[in-house]
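The residues making up each chain are set out below.
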Amino acid sequence: MTDLAHHIRETPLVDSHEHLASEARFLEQPPDVLQQMFDGYIDADLIVAGADPKAVERLHEPAAADVAARFAAVRDAWERCRHTGYGEAVRLVAQQAFGIDELAPESLAAAQSRLPSAHQPGERLRILRDRGNLDHVQIDHETIPCDADPSGPEFFLQDISWAALANGEVDAEALHTCSGVGVKDLATLRTAIEAIFDRYAPKAIAVKSQHAYLRTLAWQPRDDADAERALHKTLPGAKLDESERLCLGDWCLARGVEHATHHNLPIKIHTGYHAGQGSMIMEWTRPGHLSSLLKAYPQARFVLMHAGYPYGPELIALAKHFPNVFADLCWAWAIDPFSTCEFVRRFIHAAPYHKLFAFGGDTPWPHIAVAYATQARHWLTRALQAEIDDGHLTEPEAIRLATRFMRENQYDCFDVEGTRAALRDVAG
Ligand SMILES: [Zn+2]
């Protein structure tokens, strides 16, 4: 093993994006090899590869049939996508967590028979921290409130979700629950947003929005009067047309960015590729659509996620041009590992190195997150080794960059220690 590979394996990796299920939900799940292997993104590849969507769904339903039968129903499709990035992660979970070298009905059934009947309290943390060698994880629970996670308050850090508001969805009841403010007009919506940040910002690691699944990322500043008109239409339950929804969404996103900046929280925005299959509107997702927003808020810190895939060069251009833009490779290694290697190599020679984050798994279950971390380490090693082999970096330089990308850059951008201290205060 090279010194570089050894260093990347041993360095505790910051995981800047997960959707991990809570400890309670993890404990409720009966251990099931298929669920723990296939509940990543591979579903989409299996369906695109011809699997019956119902058979794919049953992979996640231990009660539906035994492990061998559930796998046999998707086996042909699995053969077609086993070499994709998602497929590679499935094979890694199989090997690392269950000792399976080759997925087959018999090997899966044997592995299932070796599993205990229930998960243990604390197992979720141990898998991620001890087996995965992760420094901490940042979780998007897709809700606004974020409170300390008692199963690992300094390990499981959380994002305030801004996706619904950035899509112009103002749910007065939900906002009342998390802010204590009744939203009746734009002034009270403003007050509610302020109250949300006062309440949750100290305990949050970032603000996160994946509105690129629901609308274009293109943003423009909006007048209060226009936003107020849209708000008065939607509050009683009327459906907004697209231009009204974008107007109210842009207004809410702007307020979120302002408060996040005031509270020293980076704003994470999904850019590029959509999870799932058969639904993506590619054009919405271009990172370049965010230019006006990036320009309007020079003091904010924007973390643009997923390498903007397949608009990688566009994201590199933004990170090069805007001091307030950081690029995050979360989920990108699994989507397309070669393009992500290419992204790292181009980034090194185009933009300052403090603006790149190496990893986020973007998944609900700990074994899968660990497999994605192994995958990221493997391909990051390849990318940096190629830089050495081509004579662009010395090995010590490559090792230095690896440390930067894997943890130091994230510690510089996110207030990890400040958030941990606030969470300790709440717990204590
Ligand atoms: Zn995600």
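Residues numbered from 1 in each chain as written. Predicted model: local features only at pLDDT ≥ 70, side-chain atom pairs only at ≥ 80, totals over all residues.

Undergrad: Explain the sheet that holds strand 2 (residues 134-139) here, please?
TA: Whenever strands of a sheet pair, they do so through backbone hydrogen bonds, lying parallel or antiparallel. With parallel pairing, the eight strands of this open sheet are ordered in space as 1-2-3-4-5-6-7-8. Among the strands making up the open sheet, the edge pair consists of strand 1 (13-18) and strand 8 (356-357). (Pairing = 2+ DSSP bridges. Helix = DSSP H or I, 4+ residues; strand = E, 2+ residues; numbered from the N terminus.)

Undergrad: I tried to follow the pairing of strand 2 on my own but got confused; where do I start?
TA: Looking along a regular strand, one sees side chains alternate from face to face of the sheet. Within strand 2, five of the six residues are buried, which leaves the element mostly enclosed by the surrounding structure. Inspection of the sheet shows strand 1 paired to strand 2 by four bridges, in the parallel sense. Looking at strand 2, one finds that Val-14 is bridged to His-136. Two elements, strand 2 and strand 3 (residues 156-161), share three bridges in a ladder whose sense is parallel. Looking at the pairing, Val-137 lines up with Phe-156 of strand 3. (Buried ≥ 20, exposed ≤ 12 C-beta atoms within 10 Å, placed from the backbone.)

Undergrad: What is the right way to look at unusual backbone geometry in this model?
TA: Excluding glycine, residues mostly carry a negative phi; peptide bonds, for their part, are mostly trans. In this model, Tyr-309 is joined to Pro-310 through a cis peptide bond whose omega is 5 degrees. You can see Pro-310 is positioned in the loop between strand 6 (302-304) and helix 17 (312-321). The backbone of Ala-307 sits at a positive phi, close to 60 degrees, despite the residue not being glycine. In this structure, Ala-307 sits in the loop between strand 6 and helix 17. Positioned with a positive phi, Asp-362 is a non-glycine residue whose angle comes to about 70 degrees. Inspection of the secondary structure puts Asp-362 in the loop between strand 8 and helix 20 (366-389). Among the residues examined, Asp-362 registers 26 C-beta atoms within 10 Å and is labelled buried.

Undergrad: What is the right way to look at helix 17 in this model?
TA: Owing to its 3.6 residues per turn, the α-helix aligns residues three or four sequence positions apart on the same side. Listed in full, the buried residues belonging to helix 17 are Gly-312, Leu-315, Ile-316, Leu-318 and Ala-319. Relative to the axis of helix 17, the buried residues are bounded by an arc of 160 degrees and lie together on one face. As for helix 17, its buried residues are in contact with helix 16 (291-296), strand 6, strand 7 (325-328) and helix 19 (337-348). (Arc of directions from axis to C-beta. Contact = placed C-beta atoms within 7 Å.)

Undergrad: Any chance you could explain the domain arrangement of the protein here in plain terms?
TA: Frequently, the measure chosen for interface size is the accessible area that the parts lose on association. Entries for the protein in the domain assignment read domain 1 (30-114) and domain 2 (123-427). Each of domain 1 and domain 2 was reduced to a C-alpha centroid, and the two centroids are 29 Å apart. Each partner contributes to the interface: domain 1 provides 15 residues, whereas domain 2 provides 18 residues. Those elements giving two or more residues to the side of domain 1 that touches domain 2 turn out to be helix 4 (42-48) and helix 8 (85-98). A total of eight residues in the side of domain 1 that touches domain 2 trace back to one element, the largest contributor, which is helix 8. (Domains from an automatic or database assignment.)

Undergrad: Where do I start with the packing of helix 20 against helix 21 (residues 395-413) in this structure?
TA: If you want to describe how two helices pack, look at the angle between their axes and the distance between the axes. For the pair helix 20 and helix 21, interaxial distance at closest approach is 9 Å and the crossing angle is 150 degrees. The angle between the axes of helix 20 and helix 21 places the two elements in the roughly antiparallel class. In the packing of helix 20 onto helix 21, the handedness of the crossing is right-handed. Between helix 20 and helix 21, the residues in contact are Leu-380, Leu-384, Glu-387 and Ile-388 and Glu-395, Ala-398, Leu-401 and Ala-402, respectively. Taken together, the residues of the contact of helix 20 with helix 21 sort by class into six nonpolar, no polar and two charged. (Axes fitted to C-alpha atoms, helices over the stretch in contact; angles between N-to-C directions. Parallel < 35°, antiparallel > 145°, perpendicular 65-115°, else oblique. Left-handed = near helix turned anticlockwise from the far one by under 90°. Nonpolar A, V, L, I, M, F, W, Y, C, P; charged D, E, K, R; others polar.)

Undergrad: What is the right way to read the packing of helix 19 against helix 20 from this model?
TA: Interhelical geometry of helix 19 versus helix 20 gives an angle of 45 degrees and a closest axis separation of 9 Å. One finds that helix 19 runs oblique with respect to helix 20. In this structure, helix 19 meets helix 20 at a crossing whose hand is right-handed. Across from Pro-337, Thr-340, Cys-341, Val-344, Arg-345 and Ile-348 in helix 19, the residues of helix 20 making contact are Trp-379, Leu-380, Arg-382, Ala-383, Ala-386 and Glu-387. Taken together, the residues that form the contact of helix 19 with helix 20 break down as eight nonpolar, one polar and three charged.

Undergrad: Quick question: what am I supposed to make of the pairing of strand 4 (residues 204-209) here?
TA: Of all the six residues making up strand 4, six are buried; the element is thus mostly covered by neighbouring parts of the structure. The pairing of strand 3 with strand 4 spans four bridges and is parallel. For Ser-161, the partnering residue across the bridge sits in strand 4 and is Lys-208. Where strand 4 and strand 5 (residues 267-269) come together, three bridges link them in parallel fashion. The partner of Ser-209 across the bridge, within strand 5, is Ile-269.

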